[in-house]
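Examination of the molecular architecture
This is what each chain is made of:
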Amino acid sequence: MENPDNDHFRESGDDDQEESDSIDDPGEYDPIAELYGADPDEAPGFHDLIWGSTVDLSAASMVGMSAQVTSAHEDAHKYLNDSTEYGIMLKAAALLHSRQVDNPKYEAIVGRLRRSSRNVHEGYATFASVCDVALGDKAVLIGSPEYLTWFENFSTLVPAPDHWRLKHISAGVVAEMCMRVPCLQYLIDGGIDREESWHVSFDKTPDRRFAELHALASSTFWYGVLQECRSRMSAEQVRIFCPEEPERQSFDFTYSPDHDDLVSELYLVISSHLQALMERHGMAAPSLNRAAAVALLERLAPSALDPAIFERGAGLEPEVSVVDSYFQHNIVLRPTKVSARLLSLREHVDLVAPFTFDERDEPGICHVLVGLGQYFGRRFSLPTHQALWLFAHADETFAVALGVPDSDGTHTLLLADSSDQVVEAVNTLDNSVRLNVSVASSSMVPRLHDKWRPLLEGCDHKSILQDFSLGQLLAAFKKGNERVTYWRNVMKVGPGRGISVVVIKTDRITAPNIIICTKTQSKVLENYFDYHYPDATDATGDAAFALDEDSIRLGFLINLETLHAVKYPWITALPETDNS
């Protein structure tokens, strides 16, 4: 192996388009990211058109009401951008801007497209998230007057109680119809390099359409639509979808597969009425031109195609693709990446040292991470030459033993390319020192995993950190007909702050597979196992699972100590392998 700290590596405009004026506009707008939550105790989030949604835990709890609303808010942004032509156009413009940052043309295009859909995007994301998490209780928006305004813009459109799931579905259809601007084929035919091809006339923009619907969709119109929807339901379904009072259990039950057919039927009823109304007034609202969307994004960035929307989940079942779609958040654990320097373990064995998280770990634990070169390159803030070295060895696996952090928090990463190097180094320590190994799931394909088998078989504690597609993991479980046991908990990450963790084990994967996630994502996994993997065992609270308590705790803590953010999928493609 080359020495990563070898000296060789040390040389190293807007147009004149008007804004819609019929709906309240809360104020100034940042075209690059929307922040949720003015209160510093709340969890901020933003939706990036390329990299997806981010929720920041570094200053808030991931299991509190604020973080849950933020998480759902960003999911709504993602849905609108992935399922409509206008949203796909936005994403395509952002991709081009990211590649030509010095070209003001694409920056202006992105800004114009986002401003022209701001009321629809923020209004729906705010209304939907408050309905999902707080059953329509807008009190959660106190301290955020701009988001309260956006909430009211959608709430007042549909004359029904905010806690109704039927109103939540109606709001989603409204937002989608406003974003159904037929623009992709025009963009492709005209050429993405021509600025005119990106032009959407003022009267066709999502915000203008939303303002028109406020004027056109009267209470009488909505009364007829909602009555037809209720006529399609049984008395019990009316009680669940249109309850007299907010009821958490009933609202959640509307998301069960038992109601999938009904929700689809309600969607069709509402969309057919809205589409007819819009077309009578000159607003075309066709379904997404999937062929054009796929052609455009495959040309620019295939990874931008959401498998749950485009049914491109590499043969994955639809319900598995839906899980993948939910696991698109970046969860920020600390404000910046952890600073680190890379040294060769073989040449610096003397720097291997145990350290502790609490008194239970005395006299100390030696912590080792195993992953791909690209995994470590993305995970840590390294000197440029060392990061480049890791990316040059992107699909090779390495182990890094963690040295005691410097006084400024910089970690020393002692790099090894074989199990023997790590074992020999640990053997120089006192016999009372335990070895904790955390393996990135992306390095678990057979030909890579075999390399580290001696290390994993000889360590005291081992765990897997999920950094690859949840959908592909779940699909592999079903394909292998594996018995799955899972465990859910909230792990403390600081004073008043916690985050959801799901741990999975199977017949084949006996080490705890740790999934750090939002509370919403934890619930999505639980629902998947309940409805689509009924043989899975929920071991939450089971004493038998506590046998792995130290491995789970240490696996979580070492990643909490050294991770800046959690992203699924972090590694977007597994290394080539013949037998994986």
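Residues numbered from 1 in each chain as written. Predicted model: local features only at pLDDT ≥ 70, side-chain atom pairs only at ≥ 80, totals over all residues. Heavy atoms only, no water.

1. Looking at the packing of helix 21 (residues 470-479) against helix 22 (residues 519-532)
Orientation of helix 21 relative to helix 22, taken along the N-to-C sense of each, is 25 degrees, at an axis distance of 13 Å. By the angle class used here, helix 21 and helix 22 are roughly parallel. Considering the relative orientation of helix 21 and helix 22, their crossing is right-handed. Listed contacts from helix 22 to Leu-470, Leu-474 and Lys-478 of helix 21 are Leu-525, Tyr-528, Phe-529 and His-532. (Axes fitted to C-alpha atoms, helices over the stretch in contact; angles between N-to-C directions. Helix = DSSP H or I, 4+ residues; strand = E, 2+ residues; numbered from the N terminus. Parallel < 35°, antiparallel > 145°, perpendicular 65-115°, else oblique. Left-handed = near helix turned anticlockwise from the far one by under 90°. Contact = heavy atoms within 4.5 Å.)

2. Points about unusual backbone geometry
Positive phi, normally seen in glycine, also occurs at Leu-135, with a value near 55 degrees. Structurally, the position occupied by Leu-135 is in the loop between helix 4 (118-134) and helix 5 (145-155). Here Leu-135 falls in the buried class, since its relative accessible area comes to 13%. For Asn-481, which is not glycine, the phi torsion reads 50 degrees and is therefore positive. Within the secondary structure, Asn-481 is located in the loop between helix 21 and strand 11 (484-494). (Buried < 20%, exposed > 50% of the residue type's maximum accessible area, 1.4 Å probe, protein only.)

3. Some thoughts on helix 9 (residues 219-231)
An ideal rise of 1.5 Å per residue puts 18 Å on 13 residues; helix 9 measures up with 18 Å between its terminal C-alpha atoms. Burial in helix 9 covers these residues: Phe-221, Trp-222, Val-225, Leu-226 and Cys-229. Looking straight down helix 9, one finds its buried side chains confined to an arc of 120 degrees; they lie on one side. Exposed side of helix 9, more than 90 degrees from the buried face: Ser-219, Thr-220, Tyr-223 and Ser-231 are the residues found there. Contacts made by the buried residues of helix 9 are with helix 6 (165-179) and helix 12 (260-280). (Expected span 1.5 Å × (residues − 1). Arc of directions from axis to C-beta.)

4. Some points on helix 8 (residues 206-216)
Among all positions of helix 8, only Pro-206, Asp-207, Arg-208, Arg-209, Phe-210, Ala-211 and Leu-213 are buried. Tucked inside the fold, the buried residues of helix 8 contact helix 2 (85-99), helix 3 (104-115), helix 4, helix 5, helix 6 and helix 12.

5. Some details on the nonpolar core
Counting 81 residues, the largest nonpolar core has Trp-198 and Trp-222 as its most contacted members. Not counting residues within four places of it along the chain, the set of residues in contact with Trp-198 comprises Met-89, Ala-92, Ala-93, Leu-96, Tyr-106, Ile-109, Arg-112, Leu-113, Leu-187 and Ile-192. (Core = buried A, V, L, I, M, F, W, Y, C linked by side-chain atoms within 4.5 Å.)

6. Here we look at the pattern of salt bridges
Going through the model one piece at a time under the given rule, you end up with 19 salt bridges. Glu-196 is paired through a salt bridge with Arg-194; the nearest N and O atoms lie 3.0 Å apart. Among the ionic pairs, Arg-553 bridges to Asp-550, the shortest N-O distance being 3.2 Å. Taken together, the residues Arg-553 and Asp-550, both in helix 23 (residues 549-562) and three residues apart, mark about one turn of the helix. For Arg-553, a relative accessible area of 8% gives the class buried. Taking relative accessible area as the criterion, Asp-550 reaches 30% and is therefore assigned partly exposed. Connected through shared salt-bridge partners, Arg-488, Lys-523, Glu-526 and Asp-538 make up one network. (Salt bridge = Lys/Arg side-chain N within 4 Å of Asp/Glu carboxyl O.)

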